[in-house]
Amino acid sequence: MPLVSLTFLLSIATVSAFVEELDDTFKDTRMPDEIWLIQFYAPWCTYCKQLDPVWYEIGAELKSMGSPVNVGKVDATAHTNFAKEFRVGGYPAIKLLKDDLKYNYRGPRTKDGIMEFADRVSGPVVRALPSQQLFQNVMSRHDVLFVYVGGPSDLKEKYISVAKELIVHTYFFSAARNILPKAVTLQEYPAVAVFKDGTYFLYDEQHDGDLASWINSERFLNYLQIDSYTLYEMGDTSKLVALAIVDERNPTEESIRYKTMVERVATEYKDLYSKEFQFGHMDGNEYINGLIMEELAMPSIIVLNVSNDGYFLPPNKVETKEQLVKFIDGVSKGRIKSQGGNGYYQCFIRIAFNTKTTVTNIFTNAPLLGAFLVVVFCGGGSALCYGLCMAWRSMRNTESMRDTEDEEPITGERVEQKQLKGPGEDKKTETKAKNPAEKKAD
């Protein structure tokens, strides 16, 4: 065996040693204080196979870092009770088990994304910032920073409770009042603050309502690059998403202008729209095309209602910041009608559109594969039609045989049923049976 192949196999065996294959006995053998990062997979799942090398790297790196997180994987098709307990609905599913809590990972299937998730969720729910230096260091590493300021209080208990639920999305910190930057002014104490976009916002229960809802809506930057994973998470924020759709693989002056225009509106009209709108740009129109069921030109402006798959399109082409503000204001005040949605009809049409798009892409990129699939489809369709026709023919033949049994004899003679005769009826019958000649002779 060549040396390169041997080295490759040894490296695979080495990293695989840090990922444990789990089964239905896991619940009985797991220690209460163990933390587990688990991938639920199906042997036939292509995405699971693509994740495998990444998963083994994650297991090896977490072990080398001295992380308390154990890494495992389980065949959900073979161990269905295990998968059912974790409410696995698709593959690959990534879950982190800590104490008696189960956390779902919904981010991109990348090593960095999964490692960051494991580090965040496995650590303290709320991390203390005991010095100004550490506070500044953490601020430089996080785009969005939630901080509880103060000592023991009812607000702190609520903060910890929310952190346990939302730590899958973001970090949570606490600090004393003297640790905060001098520019921070607290109207009330204790307080919860979020630092982002070069400024900070304070939680006001009377104005912002529920703490969990406020944190959920503030955990994104006011303007950012958005992909399908980010959009999925934004469905929980109840905000509309204003997007510039651009092609960053082929950047143009117009696409740069669209991105800049949306970012300026997000910044300059923050106080007016930040509670209702999330702003950003998306590279490529594939996701949007599937949503609106038509080809969206790039660059373009669109507003999405992620919670119900609705969307808003400008009635006219947006060329200036003022026109964009007018469009956003029209959406906010209901002057522009929402399109799409997630009703049964819309879902059916969207499935048909996505199927058509997939078939078109197959014929464009792999015409031989497309021709093969057409032959298979037509063959299957023909076999189905033949089977249905034969079944119908058989049914008709059966019905015809039943009808024949009930018909009159083909000679035209009616078969009379034998009846019981009363007294004296035999003589009457004999008299009627005499032929006319005999009657005349009498």
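A few points on the structure. (Residues numbered from 1 in each chain as written. Predicted model: local features only at pLDDT ≥ 70, side-chain atom pairs only at ≥ 80, totals over all residues. Heavy atoms only, no water.)

**Some points on the overall build of the protein**
Then comes step 1: Assigned secondary structure in the protein consists of 18 helices and 16 strands.
Then comes step 2: Counting every position in the protein, which comprises 442 residues, the buried fraction comes to 37%.
Then comes step 3: When contacts within the protein are restricted to residue pairs at least 6 apart in sequence, long-range pairs at least 24 apart make up 69% of them.
Then comes step 4: A total accessible area of about 27,700 Å² is found for the protein, and carbon and sulfur atoms account for 55% of it. (Helix = DSSP H or I, 4+ residues; strand = E, 2+ residues; numbered from the N terminus. Buried < 20%, exposed > 50% of the residue type's maximum accessible area, 1.4 Å probe, protein only. Contact = heavy atoms within 4.5 Å. Areas by Shrake-Rupley, 256 points an atom, 1.4 Å probe, with all protein chains shown as cover.)

**Focus on the sheet that holds strand β14 (residues 300–305)**
Then comes step 1: With mixed pairing, 6 strands are arranged side by side in an open sheet as β11-β13-β12-β14-β15-β16. The sheet is open, and its two edges are formed by β11 (223–225) and β16 (339–340), each paired on a single side.
Then comes step 2: Bridging between strand β12 (residues 240–246) and strand β13 (residues 277–283) involves 7 bridges; their strand directions are parallel. Its bridge partner lying in β13, I245 is registered against M282.
Then comes step 3: Contacting β11, β12, β13 and β14, helix α11 (residues 253–268) runs over the sheet at an angle of about 160° to β12. (Pairing = 2+ DSSP bridges. Axes fitted to C-alpha atoms, helices over the stretch in contact; angles between N-to-C directions.)

**Remarks on the pairing of strand β4 (residues 93–98)**
Then comes step 1: Of all 6 residues in β4, 6 are buried, a share of seventy percent or more.
Then comes step 2: Side chains A93, K95 and L97 project from β4 onto one buried face, and the interleaved I94, L96 and K98 project onto a second face that is buried too.
Then comes step 3: Linking β4 to strand β5 (residues 101–104), which pair antiparallel, is a turn of 2 residues; within it D99 sits at a positive phi near 55°.

**A short note on the packing of α11 against helix α14 (residues 321–332)**
Then comes step 1: Between α11 and α14, the shortest axis-to-axis distance is 10 Å and the interhelical angle comes to 65°. The crossing of α11 and α14 is right-handed. Within the contact between the two elements, α11 uses M261, V262, R264, V265 and E268 and α14 uses K321, L324 and V325. (Left-handed = near helix turned anticlockwise from the far one by under 90°.)

**Here we look at unusual backbone geometry**
Then comes step 1: Each neighbour pair has its own omega, and for Y91 with P92 the value is -10°, a cis peptide bond.
Then comes step 2: Here P92 is to be found in the loop between α4 (80–85) and β4.
Then comes step 3: P299 follows M298 through a cis peptide bond whose omega is 0°.
Then comes step 4: Relative to the helices and strands, P299 resides in the loop between α13 (286–292) and β14.

**Overview of α11**
Given 3.6 residues per turn, any residue in an α-helix points the same way as the ones three and four places further on.
Then comes step 1: Along its 16 residues, α11 runs 22 Å from first to last C-alpha, staying within 8% of the 22 Å computed at 1.5 Å per residue.
Then comes step 2: Regarding α11, the residues found buried are S255, Y258, M261, V262, V265 and A266. Angularly, the buried residues of α11 cover 130° about the axis, an arc narrow enough to put them on a single face. Facing away from the buried side of α11 by more than 90 degrees, the exposed set consists of E253 and T267.
Then comes step 3: Looking at the buried positions of α11, the neighbouring elements they touch are β11, β12, α12 (270–273), β13, β14 and α14. (Expected span 1.5 Å × (residues − 1). Arc of directions from axis to C-beta.)

**Topic: the side chain of T170**
Then comes step 1: Summarising the element assignment, T170 is placed in the loop between α7 (154–166) and β8 (172–175).
Then comes step 2: Classification of T170 by relative accessible area gives buried; the value is 7%.
Then comes step 3: Sequence-distant contacts of T170, defined by excluding residues within four places in its chain, comprise R120, V144 and F146.

**Focus: empty space enclosed by the protein**
Then comes step 1: Under the definition given, this model contains 1 cavity of 30 Å³ or more.
Then comes step 2: If you add up the space inside the largest cavity, you get close to 40 Å³.
Then comes step 3: Around the largest cavity, the lining residues are Y287, L291, L304, N305, V306 and D309.
Then comes step 4: Going through the elements one at a time, α13 and β14 are the ones with two or more residues in the lining of the largest cavity.
Then comes step 5: Classifying every residue of the lining of the largest cavity by side-chain character gives 4 nonpolar, 1 polar and 1 charged. (1 Å grid on protein atoms, 1.4 Å probe; cavity = no way out; pocket = protein on both sides within 12 Å on 5 of 7 lines; lining within 4 Å. Points joined across faces, edges and corners; volume = space filled by probe spheres on them. Nonpolar A, V, L, I, M, F, W, Y, C, P; charged D, E, K, R; others polar.)

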